[in-house]
Structures are given as structure tokens and as C-alpha cells.
There are 2 protein chains.
Amino acid sequence: MTAILLVDDHPIVREGYRRLLERQPDYRIVAEAANAAEAYQAYRKVSPDIVIMDLSLPGASGVEAVRHIKQWDKGARILIFTMHSGAAFALKAFEAGASGYVTKSSDAAELLRAVAIVAKGGRALSDDVAREIAAERLGEGRALVDELGPRETEILRLVASGRTTEDIAGILNLSPKTVQNYHYQIKSKIGARTDAHLVWLAIGAGLVGDASAT
Amino acid sequence: MTAILLVDDHPIVREGYRRLLERQPDYRIVAEAANAAEAYQAYRKVSPDIVIMDLSLPGASGVEAVRHIKQWDKGARILIFTMHSGAAFALKAFEAGASGYVTKSSDAAELLRAVAIVAKGGRALSDDVAREIAAERLGEGRALVDELGPRETEILRLVASGRTTEDIAGILNLSPKTVQNYHYQIKSKIGARTDAHLVWLAIGAGLVGDASAT
DNA sequence: GCCCTGATCGGGCAAATTGCCTGGGGGCGA
DNA sequence: TCGCCCCCAGGCAATTTGCCCGATCAGGGC
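Everything numeric in this text was worked out from a predicted model, so none of it was measured. (Residues numbered from 1 in each chain as written. Chains lettered and ligands numbered in written order. Predicted model: local features only at pLDDT ≥ 70, side-chain atom pairs only at ≥ 80, totals over all residues. Heavy atoms only, no water.)

Asks: Please set out the overall build of chain A residue by residue, giving values where relevant.
Replies: Scanning chain A from N- to C-terminus turns up 11 helices and six strands. Here chain A holds 214 residues, and the buried ones make up 47% of them. A separation threshold of at least 6 residues defines the contact pool for chain A, and within that pool the share at least 24 residues apart is 61%. For chain A, the accessible surface area stands at approximately 10100 Å², while carbon and sulfur atoms represent 50% of it. (Helix = DSSP H or I, 4+ residues; strand = E, 2+ residues; numbered from the N terminus. Buried < 20%, exposed > 50% of the residue type's maximum accessible area, 1.4 Å probe, protein only. Contact = heavy atoms within 4.5 Å. Areas by Shrake-Rupley, 256 points an atom, 1.4 Å probe, with all protein chains shown as cover.)

Asks: Residues and numbers for the sheet that holds strand 6 (residues 124–125) of chain A, please.
Replies: Residues and elements named next belong to chain A. As summarised here, the arrangement of the six strands in space is 2-1-3-4-5-6, forming an open sheet in which the pairing is parallel. With one partner strand each, in any of the chains shown, strand 2 (27–33) and strand 6 form the two edges of the open sheet. The strands touched by helix 3 (residues 62–72) within the sheet are strand 3 (50–53) and strand 4 (78–82), with strand 4 carrying the most contacts at an inclination of about 175°. This element, helix 4 (residues 87–96), spans strand 4, strand 5 (100–103) and strand 6 of the sheet and lies at about 150° to strand 5. (Pairing = 2+ DSSP bridges. Axes fitted to C-alpha atoms, helices over the stretch in contact; angles between N-to-C directions.)

Asks: Give me the lowdown on the protein's contact with DNA strand C, citing residues and values where you can.
Replies: Close contacts around DNA strand C come from 14 residues, with Arg151, Lys177, Thr178 and Tyr182 of chain A together with Tyr184 of chain B the closest. Restricting the count to atoms of DNA strand C within 4 Å of the protein gives a sugar and phosphate share of 67%. One of the side-chain N or O atoms of Lys177 of chain A is found 2.9 Å from a base oxygen in DNA strand C. Contact between DNA strand C and Asn181 of chain A: a base oxygen at 3.1 Å from a side-chain N or O atom of the residue. Here the surface near DNA strand C gets six residues from one element, more than from any other, and that element is helix 10 (residues 176–190) of chain B. Taken together, the residues of the surface near DNA strand C break down into four nonpolar, six polar and four charged. (Near = heavy atom within 4 Å. Polar contact = N/O pair within 3.5 Å; in protein donor to acceptor, adjacent residues only side chain to side chain. Nonpolar A, V, L, I, M, F, W, Y, C, P; charged D, E, K, R; others polar.)

Asks: Give me the packing of helix 3 (residues 62–72) of chain B against helix 4 (residues 87–96) of chain B: which residues, what numbers.
Replies: Residue and element names in this part refer to chain B. At a minimum axis separation of 8 Å, helix 3 and helix 4 run at an interaxial angle of 15°. Judged by the angle between their axes, helix 3 and helix 4 are roughly parallel. In this structure, helix 3 meets helix 4 at a crossing whose hand is right-handed. Residue-level contacts link Val63, Val66, Arg67 and Lys70 of helix 3 to Lys92, Ala93 and Ala96 of helix 4. When grouped by side-chain class, the residues that make up the contact of helix 3 with helix 4 number four nonpolar, no polar and three charged. (Parallel < 35°, antiparallel > 145°, perpendicular 65-115°, else oblique. Left-handed = near helix turned anticlockwise from the far one by under 90°.)

Asks: Tell me what's going on with the pattern of salt bridges, and back it up with residues and numbers.
Replies: Per the stated rule, a full pass over the model turns up 11 salt bridges over all chains. Notably, a salt bridge pairs Arg193 of chain B with Asp167 of chain A, separated by 3.9 Å at the nearest N-O pair. One end of the pair, Arg193 of chain B, is in the loop between helix 10 and helix 11 (195–204); the other, Asp167 of chain A, is in helix 9 (residues 165–172), on a second chain. When salt bridges with common partners are traced through the structure, they connect Arg14, Arg18, Glu22 and Glu32 of chain A into a single cluster. (Salt bridge = Lys/Arg side-chain N within 4 Å of Asp/Glu carboxyl O.)

Asks: Help me get a handle on the pairing of strand 2 of chain A, residues and values and all.
Replies: All names here are of chain A. Note: strand 1 (residues 2–7) against strand 2, six bridges, orientation parallel. Opposite Ile4, over in strand 2, you have Ile29 as the bridge partner. For the crossover that starts at strand 1, traverses helix 1 (residues 11–22) and ends in the parallel strand 2, the hand is right-handed. (Right-handed = clockwise from strand over helix to strand, strands pointing away.)

Asks: Please set out the sheet that holds strand 4 (residues 78–82) of chain B residue by residue, giving values where relevant.
Replies: Residues and elements named next belong to chain B. In space, the six strands of this open sheet follow the order 2-1-3-4-5-6, with parallel pairing throughout. Because the sheet does not close on itself, it has two edges, and the strands there are strand 2 (27–33) and strand 6 (124–125). The sheet contact formed by strand 1 (residues 2–7) and strand 3 (residues 50–53) spans four bridges and is parallel. Note that in strand 3 the partner of Val7 across the bridge is Met53. Packing against the sheet, helix 2 (residues 36–46) makes contact with strand 1, strand 2 and strand 3, and its axis sits at approximately 135° to strand 2. Across the face of the sheet, helix 4 comes into contact with strand 4, strand 5 (100–103) and strand 6 while running at roughly 150° to strand 5.

Asks: Let's hear about helix 8 (residues 150–160) of chain A: which residues, and what values?
Replies: Residue and element names in this part refer to chain A. For helix 8, the buried fraction is high: eight of the 11 residues fall into the buried class. Within the span of helix 8, buried status applies to Glu152, Thr153, Ile155, Leu156, Arg157, Leu158, Val159 and Ala160. One or two positions beyond helix 8, positive phi appears at Gly162, with a value near 105°.

Asks: Quick one: what's the story with the packing of aromatic side chains, residue by residue and with numbers?
Replies: All names here are of chain A. As enumerated under the stated definition, the model contains three aromatic pairs over all chains in all. Note on Tyr17 and Phe81: the rings are 5.4 Å apart at their centroids and 55° apart in plane angle, and the pair reads as tilted. Taken together, the positions of Tyr17 in helix 1 and Phe81 in strand 4 put the pair 64 residues apart, joining distant regions of the chain. When sorted by exposure, Tyr17 lands in the same class as Phe81, which is buried. Aromatic pair Tyr43 and Trp72: ring centres 6.4 Å apart, planes at 85°, arrangement edge-to-face. With Tyr43 in helix 2 (residues 36–46) and Trp72 in helix 3, this residue pair connects regions lying 29 residues apart in the sequence. A residue is classified by how much of its surface remains accessible, and Trp72, at 43% relative accessible area, is partly exposed. (Phe/Tyr/Trp six-rings, centres within 6.5 Å; stacked < 30°, edge-to-face > 60°.)

Asks: Lay out the nonpolar core in plain terms, naming residues and giving numbers.
Replies: Within the largest apolar cluster, 37 residues are counted, with the highest numbers of intra-cluster contacts made by Leu156 of chain A together with Leu156 of chain B. Of all elements in the fold, only helix 8, helix 9, helix 10 (176–190) and helix 11 (195–204) of chain A together with helix 8 (150–160), helix 9 (165–172), helix 10 and helix 11 of chain B reach the threshold of two or more residues within this core. The greatest single-element share of this core, amounting to six residues, is contributed by helix 11 of chain B. (Core = buried A, V, L, I, M, F, W, Y, C linked by side-chain atoms within 4.5 Å.)

By themselves these figures say nothing about function.
Here's what the structure looks like:
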């Protein structure tokens with residue numbers, strides 16, 4: 001039996017959850033809350049197995065509520081169920097300690113699947129949000145790269161992937177000085193103030209983004 | 001009418017594509033290839049509107065083939081259709097210039113949808129891969145961060161997000177020299193050879209990677 | 001052929017940063 | 001009270017950055 005705490009400022013929506021969840025044999029809603037403060041109180045009182053929470057709450061935001069609860073109980077499992085499909089919301093929620101993120105446009109089956117995953121300690125993410133995050137990660141803006149010549153692009157790729165100046169000089173059979181010059185030229189063309197900034201721009205342009213195979 | 005070039009080393013699989021795609025009124029398979037070299041030749045000969053390609057080909061990898069074709073025609077639209085669902089494969093493919101990535105576990109409808117998107121110049125990604133990339137993006141590995149003190153973590157976050165040394169000094173009310181020292185210390189503790197490398201490690205640790213709310 | 005443009009390659013030099021060491025102060029557990 | 005670790009920052013040589021310059025080579029256009 002899985003004890004659930006429901007947090008949503010809309011009683012009607014809570015009623016909807018209740019209908020859906022209590023039809024499942026293993027789930028029981030043991031408490032409800034309409035805002036962050038209530039959620040926190042309720043959590044401390046009933047220690048539910050999982051929390052299902054909306055992100056837009058009156059007063060403190062849902063992200064704050066997540067952070068607060070996780071601070072009190074590091075093992076808390078919180079599933080965000082919200083209308084926002086933006087990648088930024090989801091990332092913030094996970095950063096705060098949420099275990100799952102499902103949008104309200106998902107169907108009942110998807111919510112139940114997410115609840116099951118989170119209850120087992122896993123991480124759940126609905127398809128539309130996954131797609132958003134992936135899209136952001138893949139980046140849209142080429143633009144930048146078009147300003148650069150092929151050699152510059154090549155060197156940007158290498159620099160952004162973490163290579164040393166000397167590495168690059170070796171790989172491309174150039175003088176280290178030339179690589180430095182390109183490096184500098186790229187930064188000024190692109191308008192990056194920092195190497196780190198350069199990396200982000202390169203990611204945005206789709207030039208890099210690997211994480212495997214160094 | 002959309003002209004398609006099919007690249008897959010398995011004739012039976014190509015037959016499958018053909019069945020599926022030629023049932024659609026707008027698609028016509030104008031050429032086939034069984035390896036990277038053939039694909040390249042065929043592309044130059046028929047200039048198809050889109051290429052549907054497997055990633056695992058005999059000889060040169062599909063990624064190489066993509067890079068090669070894009071080098072010859074920057075406007076080429078290439079849709080990868082493969083069995084690999086790993087994020088790394090997909091990222092490499094996009095980096096090389098692919099416009100879409102669909103796994104063979106997707107159903108026919110998803111492939112057709114992807115073909116349509118790519119034909120229109122968009123970018124397509126199947127759900128399972130999106131999920132993989134998102135998972136990777138959310139990051140698993142803390143590890144690194146545990147080595148660092150809170151101050152170091154803070155500074156790493158700022159450095160990795162692209163701030164200038166002076167910016168950081170201003171934000172945290174420190175001497176620029178102190179920031180430089182932390183910056184150096186972090187690099188040696190974490191084992192990063194380059195600032196760019198540092199950014200990747202910070203991303204992996206989930207410290208940065210927002211893109212919103214600066 | 002000739003000029004112009006643009007990409008590629010690198011030297012030079014001052015100013016800034018990195019790499020590494022040093023040292024002092026504060027908190028906290030043994 | 002003694003370490004130990006974290007915080008903060010100066011010093012100094014070595015390297016890199018920032019910005020200048022000139023040389024070569026390929027492709028147009030006239």
C-alpha cells in the first residue's frame with residue numbers, strides 16, 4: 001500500500017486525482033494540501049510514501065515546496081504534475097529534488113506509470129517534457145557557426161570539447177600560436193567573454209554535445 | 001513528391017522501408033545503398049530530398065557517411081533510423097549534421113511522422129531517444145561535487161556558466177585573486193585540463209545546464 | 001594578366017591569467 | 001588545546017590572451 005500526499009490548490013483537480021488513484025488497489029491518498037505551507041505540515045504529519053504536487057501554488061512556488069520538503073526528509077519522493085511543459089521548469093524541479101515530472105496533458109495511464117516508477121524510487125519524465133529538454137540540449141541556433149570559416153569551426157569544436165591548445169596544434173598540425181590566434185578570433189567573432197561561455201555557444205550551435213568518447 | 005535515398009546494409013530491411021514508404025502517395029525511393037561509399041555515390045547522382053540511413057554500416061560508420069554527405073551538400077536532410085537508442089549515438093549523429101533520429105523500435109507511424117518533419121526541414125527525434133538524452137542531461141554523477149567544498153562548488157557553478165573572474169569576484173565580494181585561486185584549485189581537484197573541460201564536468205554533475213533565469 | 005577579397009597560417013609584444021606556493025584567521029571535532 | 005579543514009588572499013615565474021602585423025594561396029571579376 002502506497003500512501004500519497006496530494007498537493008494542488010484546486011479542489012476539483014484533487015478530486016480528479018482521487019478518482020483516478022483510488023481506483024488502483026495499491027494507492028491511498030492519506031492527506032491533501034492546497035499550498036506550500038500546508039504541504040509541508042501535512043508531510044511532516046503523515047510521512048507519505050510519495051507526494052504528487054502541482055508546481056503553481058498560491059504563495060511559495062512548488063519548487064520551493066519541493067526544496068523545503070527534501071530538506072526535511074532527503075528520502076522524500078515527489079512527483080510534479082503540472083501544466084507547464086517547459087524544460088526550464090522541469091530542470092528546476094529536478095534540481096530542487098523532485099523525482100518525477102509529468103504534464104497535465106499526459107493521459108491517465110502516463111500519470112499512473114509515473115507514480116509507479118517514482119514509488120519504486122525511480123525517476124519519471126513525461127514524453128513531451130523529455131522532448132523539450134532534448135531539444136534544448138540539442139540547441140537550435142546555428143547562426144553563430146555561419147559567421148565562422150571551416151577552420152574556425154573545427155577549432156571551436158576542439159576547444160569546446162576540452163582539448164588543450166597543444167593537443168589541437170598536434171591534431172591539426174599547426175603551430176600552437178596559430179591555434180591561439182584562432183581561439184582568440186573565434187571568441188571575438190562570436191562574442192564570448194570566457195572559454196566557458198564559448199562552450200555554451202558551441203553547444204547551442206550543435207557543434208559539440210557529446211559526453212562520451214573522449 | 002519527395003525523393004528518398006535509402007541506406008541500409010540489410011536488403012530485407014530496405015524492402016521493409018520500401019513497402020512502408022511507397023504506400024504513401026508523396027514518397028518515392030529513388031535509390032538505395034548498402035554502405036557509406038555507395039551512399040555517397042548515390043547521393044551525388046540522384047540528389048534526393050531526404051536520406052534515410054542506418055547507423056551501423058559495413059566499413060565507415062553512418063556518422064562518417066552523414067558528415068561526408070553534409071560536407072558535399074550542406075542542405076542535405078538525413079534521417080537516421082537505427083537500433084541504437086543511446087544518447088551518445090544520437091548526439092554524434094546530430095553533431096555530424098543529421099536532421100532526425102528514430103530508433104527501429106519505433107512504430108511505422110512514428111517513422112512516417114519523422115520523415116514528414118525532416119522533409120519539411122525540421123528536426124525529428126523519437127521518444128525513447130529524447131528520454132535518454134534528457135536523462136543524461138539531468139545528470140547522474142554527483143561524485144565530483146562531493147570532493148569540493150561549498151565555496152568551491154559555488155565558484156565552479158559561476159565559472160562554468162561563463163562568468164568572468166571579475167564578475168564572480170564582484171558577485172561574491174571576493175578579491176579577483178581569490179577567485180583565480182579557487183578556479184585553479186577546482187581544476188586540479190577535479191582533474192580538468194581546460195576550462196571547457198570544466199564546463200563538461202560541471203554539466204555532468206548537474207551544477208549547471210539551465211539556460212533560463214540567469 | 002592583374003587586382004581584390006578572403007581564408008589560412010604564424011610572429012611580436014604588452015597585459016592578464018595560470019600554476020603553484022605561502023600564510024593567516026575561523027570553526028569544529030578529538 | 002591541538003590538529004584539520006575551509007576560507008581568503010598575496011607573490012612570482014611561466015604561459016596565455018588580446019590585438020597588432022605580414023605572408024601565402026585560391027578564387028572571382030574585369
